[in-house]
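Breakdown of the fold
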Amino acid sequence: MMTLKYLAQVLCLLFIIPLLSACWDQTSIDQRAYVVALGIGKSENENQIQVTFLITNPELSKKEATTNEPSQEIISFAANDVIVARNIANSVIAKEISYNLLSAIVVSEEFAKEDRFLRYMYDLAKEPQIKRNIPIIVTKEKARGFLENNRPLLESRIHKYFDLILNSANEAGLIPKSDLNSYFRITEADADLFLATYGTSEISQDGKDSVEDNFIAGKMDIQGETNQVQLMGSAVFKEGIMIGTLTGEETRIAILLNDILNNMGPIYTTYQDPFNEKYKVTARIQTEKKIDVKMDLKSDQPSINVSIPIYMDIMTQHSMVDYANDSQKRETLQRSIEEEITNKINNLIKKTQEEYKGEPFGWSVLARKQFTTITEYENFDWMKSYPDIKINISVNVSFGNFGEQSILPDFEEVRD
Amino acid sequence: MKSMEKTQGKIGIKEFVAIILLTVGTKLSDNTPNILYEDIANAAWLSIFLICLIWLIPLVLLIKLNTLYKDKNLIEIIQHLFGKYLGFAILFICWFMQTYVMFYNSVIYPDIIKTMYFNNTPLLVIALVLMAVTSFGAMKGLESIGSTAWITLIVIKISLIMVLVITFLQGEMDFIYPLLGEGGWKLIKESYNNSSIFTEFLYIFFIASSIKNTKVFTKGLWIGYIFVSIEFILALVGYVMIFDYYGIRLLDYPYHETIRYIQLGFLTNVELFFFPFWIVASFIRLSFYLYLSALLFGALFKIKQFQYIVPTLATISVFLGLIPQSITFSIDYLREIFLQIITPFVLSLPLILWITAKLKGELKK
């Protein structure tokens with residue numbers, strides 16, 4: 001019986017002790033100001049950065065009586081780094097600043113393109129309250145402007161907004177999944193390009209491209225009363241510094257080719273109808289199988305053969321060609337789509353090889369399988385070798401359904 | 001009641017296995033993986049596999065000795081085989097090593113707690129609380145440590161398995177390539193150098209006579225050995241799957257970075273689900289270390305009631321722990337050197353014991 005008593009004592013102690021030791025770090029919820037988004041931008045002083053905090057108001061619970069306090073607050077100031085910024089902000093904000101609910105890091109494009117950018121990103125790894133799974137958003141304008149213009153109408157609780165929009169846009173394949181951890185990982189491995197979500201609140205009309213998703217944030221002409229912020233496309237980082245952008249469509253292709261990034265849901269997109277130039281067919285793509293990448297890196301002319309299986313449902317086609325019942329027409333359509341996709345992929349690969357001199361497809365990870373030791377792999381120097389590698393793409397489209405109502409009336413007959 | 005009296009002061013297989021799993025198993029969640037990653041990068045998991053193989057020979061020899069001297073534990077075996085003076089010297093080295101290990105653990109664990117979770121709390125306070133609890137546990141003796149370990153084992157291991165499952169789902173298997181990491185020869189060399197991270201398997205022979213019987217001891221040892229090895233390998237693969245071969249070398253405490261990174265659906269701050277279990281496991285682990293240290297000290301200086309040394313040892317280790325500056329680095333460095341120095345001793349001791357027994361002709365009996 002004595003053992004049992006001792007046991008009970010030990011257990012009680014064990015559970016009480018962790019609580020006691022937390023006294024120094026204890027702050028109640030109403031004494032904290034939760035930063036939901038952290039903006040980092042260029043400051044006038046060379047050794048400082050412009051830090052912007054989007055602070056949420058935790059009082060905004062539906063059950064409690066609503067107060068007149070606004071749901072959020074934005075402050076912006078120059079600071080040496082994000083760690084010291086938490087303290088500086090307290091000259092304005094009464095409560096203790098906390099990064100515990102941080103759900104997005106917003107970086108201005110201007111700052112991301114500077115050499116010193118990487119230094120400031122590693123500050124984020126050092127701050128214990130910032131976790132490595134926080135997504136990065138690169139904005140065309142200043143981070144402050146982006147956060148100020150970001151007024152989602154349906155999510156007054158701003159801390160949910162970023163999670164939600166990033167998730168759904170990510171599933172649609174329009175933006176890459178980009179968190180701090182993968183930024184560090186890719187920068188450290190020094191072989192691939194890192195893709196970050198690209199967004200803006202500035203709508204620009206110049207060179208508007210009306211083709212589906214082939215544009216980047218800010219070019220989509222959305223009417224009506226809604227949030228001005230658009231997330232679309234991606235910012236390309238090489239060795240930790242931004243070097244360019246990819247459009248929504250290019251981002252989709254990059255995600256399609258990248259097994260690590262790929263968590264796209266079904267995507268809706270359109271292709272040229274081979275039987276009528278005027279019309280397009282709308283397809284739903286599902287990427288279920290992994291793409292097959294075969295590498296031959298040891299020969300004089302290294303090459304990569306990529307075969308991409310695509311499973312596709314045709315949702316609708318305005319040309320009203322009867323694909324469902326005509327196998328020959330289906331084959332023509334299949335070849336035409338395969339060609340179109342292959343062309344798009346080849347264009348992107350050409351861009352990465354010639355312009356960016358690196359790839360965002362995560363292929364360096366697959367290339368590692370060809371080597372037994374890290375030294376061998378690092379001697380091959382993937383980033384240097386990539387532009388000269390010959391890449392062959394083959395796309396295999398297989399059709400599933402042809403829309404819910406697969407048989408259509410003959411268009412001419414109906415008109416008659 | 002009769003059976004209880006019989007087992008008084010002895011622990012059964014459940015408690016024994018639980019002690020092994022919590023003392024050796026908890027190592028995968030402190031800075032031990034870091035030492036392996038630093039030298040052999042992503043091949044650290046292979047190195048654990050090699051270490052397991054290296055340990056097979058000493059373990060088999062020790063088990064042989066243990067079955068031969070049924071009523072003796074390793075302390076008495078050493079004294080019996082080596083005589084008064086040499087036996088004392090060897091036991092003293094063992095005690096010193098154990099105390100040193102306990103000392104740096106009593107520094108590194110508060111450091112983990114402070115840097116990862118409670119930034120504002122003074123290190124001394126965390127260390128004092130930690131050592132107070134662990135010395136309480138250690139003073140209660142092996143039985144209490146064993147039963148606490150057994151009771152908490154299941155929840156602790158469930159939380160670990162959860163972490164591993166999520167890690168494997170959210171990580172990228174391809175990151176473990178290139179398979180051999182820094183190369184085959186370096187892998188073998190560093191595996192040997194670091195093989196003393198399994199020294200606990202030698203030390204549990206010191207409590208062999210507190211286990212119900214030799215059969216139970218041998219069985220428990222193998223179960224624990226296999227379980228810990230698998231667990232270690234999976235964890236080391238898991239961390240690489242999240243942080244990649246380069247990034248993993250930059251982290252001080254991979255387990256804690258992992259539980260802060262992984263996501264459980266809509267839940268944020270998932271680490272709070274895992275941290276309490278980890279801290280309980282750490283308490284038990286340190287308690288056992290303190291107990292071992294006191295036990296060896298008692299054997300050396302013929303102190304029967306060795307439990308009363310525990311508070312003294314604990315206090316000393318807390319204050320010694322305050323000496324090094326910037327703990328994360330200095331202790332890491334000290335530990336690496338320490339592991340390399342003790343490896344030949346730890347691995348050869350069983351062999352020497354066995355040879356001595358053979359020369360004395362006691363193996364034939």
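This text gives an overview of the structure that appears in the document. What you see as residue numbers is a count from 1 along each chain, following the sequence as written. All chains are assigned letters beginning at A, and all ligands numbers beginning at 1, according to the order in which they are written. The predicted origin of the model limits local features to residues at a pLDDT of at least 70 and limits the giving and counting of side-chain atom pairs to 80 or more, whereas totals for whole chains, interfaces and linings rest on all residues. Calculation of side-chain values draws on the structure's entire complement of heavy atoms; hydrogens and water are dropped beforehand.

Some details on the packing of helix α3 (residues 32-40) of chain B against helix α4 (residues 44-68) of chain B
Residue and element names in this part refer to chain B. α4 packs onto α3 with a crossing angle of 110 degrees between their chain directions and a minimal axis gap of 9 Å. It follows that α3 is roughly perpendicular to α4 by the angle criterion. The segment α3 lies against α4, with Leu-36, Tyr-37 and Ile-40 engaging Ala-44, Ser-47 and Ile-48. In terms of residue class, the contact of α3 with α4 is made up of five nonpolar, one polar and no charged. To get an axis, a line is fitted to the C-alpha atoms, and for a helix only the part in contact is used. The angle between two axes follows their N-to-C directions and goes from 0 to 180 degrees. By definition, any uninterrupted DSSP run of H or I lasting at least four residues is a helix, any uninterrupted run of E lasting at least two residues is a strand, and each is numbered from the N terminus. An angle below 35 degrees is treated as roughly parallel, one above 145 as roughly antiparallel, one from 65 to 115 as roughly perpendicular, and anything else as oblique. In this description, contact between two residues means that some pair of their heavy atoms is separated by no more than 4.5 Å. Under the grouping applied here, Gly and all other residues not named as nonpolar or charged are polar, the nonpolar ones being Ala, Val, Leu, Ile, Met, Phe, Trp, Tyr, Cys and Pro and the charged ones Asp, Glu, Lys and Arg.

Describing the environment of B:Leu202
Residue and element names in this part refer to chain B. Within the secondary structure, Leu-202 is located in helix α9 (residues 200-203). Taking the C-alpha atoms as reference points, Leu-202 and Pro-58, separated by 144 residues in sequence, lie 8.3 Å from one another. Filtering out sequence-adjacent residues up to four positions away, Leu-202 remains in contact with Trp-55, Leu-62, Leu-74, Val-346, Leu-349 and Pro-350.

Overview of the interface of chain A and chain B
When the parts of a complex come together, some accessible area is lost, and that lost area is often taken as the interface size. In this assembly, 36 residues from chain A lie in contact with 48 residues from chain B. Two parts placed together each lose some accessible area; with a 1.4 Å probe, that loss summed over both constitutes the buried area. Carbon and sulfur atoms supply 63% of the area that chain A and chain B bury against each other, a total of about 4100 Å² over both sides. Within this document, salt bridges are pairs made up of a side-chain nitrogen of Lys or Arg and a carboxyl oxygen of Asp or Glu, the two lying within 4 Å of each other. On inspection of chain A and its partner chain B, the count reaches four salt bridges. The closest approach of N and O atoms between A:Lys131 and B:Glu271, which form a salt bridge, is 3.1 Å. Identification of polar contacts relies on pairs of N or O atoms within 3.5 Å, with a donor-acceptor requirement for protein atoms, meaning one able to donate a hydrogen and the other able to accept it, and with residues adjacent in sequence counted only if both atoms are side-chain atoms. Our count for the contact surface shared by chain A and chain B stands at eleven residue pairs in polar contact (both at pLDDT 80 or more). Contributions of two or more residues to the side of chain A that touches chain B are made by α1 (2-21), α7 (180-189), α10 (363-367) and α11 (374-380) of chain A. It is α1(A) that provides the largest number of residues to the side of chain A that touches chain B, a total of ten residues. Taken together, the residues that form the side of chain A that touches chain B break down as 19 nonpolar, eight polar and nine charged.

What about the pairing of strand β2 (residues 49-56) of chain A?
All names here are of chain A. The element β2 is largely enclosed, with a buried count of seven among its eight residues. When DSSP locates at least two bridges between a pair of strands, those strands are taken to pair. Relative to β2, strand β1 (residues 32-42) is paired through eight bridges, and the arrangement is antiparallel. Across the sheet, residue Gly-41 finds its bridge partner in β2, namely Gln-50. The hairpin turn running from β1 into β2, its antiparallel successor, is six residues long. Here β2 runs beside strand β3 (residues 72-79); their pairing, made up of eight bridges, is antiparallel. Within β3, the residue paired with Phe-53 across the bridge is Ile-75. Three exposure classes are used, based on accessible area relative to the maximum for each residue type with a 1.4 Å probe and protein chains only: buried under 20%, partly exposed in between, and exposed over 50%.

As for α7(A)
Residues and elements named next belong to chain A. In terms of burial, α7 is largely enclosed, as ten of its ten residues are buried. Turning to α7, its buried residues number three or more, namely Leu-180, Asn-181, Ser-182, Tyr-183, Phe-184, Arg-185, Ile-186, Thr-187, Glu-188 and Ala-189. Looking one or two places after α7, you find Asp-190, whose phi comes out positive at around 55 degrees.

What about the packing of aromatic side chains?
Residue and element names in this part refer to chain A. Two aromatic rings, drawn from Phe, Tyr or Trp (for Trp, its six-membered ring), form a pair once their centres lie within 6.5 Å of each other, and the interplanar angle then sorts them: stacked below 30 degrees, edge-to-face above 60, tilted otherwise. Overall, the coordinates contain 43 aromatic pairs over all chains when judged by the stated rule. Taken together, the aromatic side chains of Phe-111, Phe-117, Tyr-120, Tyr-122, Tyr-183, Phe-184, Phe-194 and Phe-237 make up a single cluster linked through ring pairs. Taking NZ or CZ as reference, Arg-86 lies 5.6 Å from the ring centre of Tyr-99, over its face. Here, a charge over a ring means that NZ of Lys or CZ of Arg falls within 6 Å of the ring centre while also lying within 35 degrees of the ring normal.

Regarding the pattern of salt bridges
Applying the stated rule across the entire model yields 21 salt bridges over all chains. Residue A:Glu110 pairs with A:Lys42 through a salt bridge whose shortest N-O separation is 3.9 Å. Of this pair, A:Glu110 sits in helix α3 (residues 109-112) while A:Lys42 is found in strand β1, placing the two residues 68 residues apart along the sequence. A residue is classified by how much of its surface remains accessible, and A:Glu110, at 41% relative accessible area, is partly exposed. The exposure class of A:Lys42 is partly exposed, given its relative accessible area of 36%. We note a salt bridge from A:Arg185 to B:Asp244, for which the minimum N-O separation is 3.5 Å. In this pair, A:Arg185 sits in helix α7 while B:Asp244 sits in helix α10 (residues 214-247), so the two residues belong to two different chains. By relative accessible area, A:Arg185 is classed as buried at 10%. Within this structure, A:Lys42, A:Glu110, A:Glu114 and A:Arg116 form a network of salt bridges that share partners.

Quick notes on empty space enclosed by the protein
To find leftover empty space, one rolls a probe the size of a water molecule over the atoms. Residue and element names in this part refer to chain A. Grid spacing is 1 Å over the protein atoms alone, the probe is 1.4 Å, and a cavity is where that probe fits but cannot get out, while a pocket is an open set with protein on both sides within 12 Å along at least five of seven lines and lining residues have an atom within 4 Å of a point. Grid points are joined across faces, edges and corners, and a volume is the space filled by probe spheres set on the points. In this structure the tally under the stated criterion is eight cavities of 30 Å³ or more. As a volume, the largest cavity reaches approximately 200 Å³. Lining the largest cavity are 13 residues, with Arg-252, Ile-253, Thr-269, Tyr-271 and Ile-285 sitting closest to its centre. Counting residues per element, the ones that place at least two in the lining of the largest cavity are α8 (248-257), β10 (267-272) and α9 (327-356). For the lining of the largest cavity, the element with the most residues is α8, which contributes four residues. By residue class, the composition of the lining of the largest cavity is eight nonpolar, one polar and four charged.

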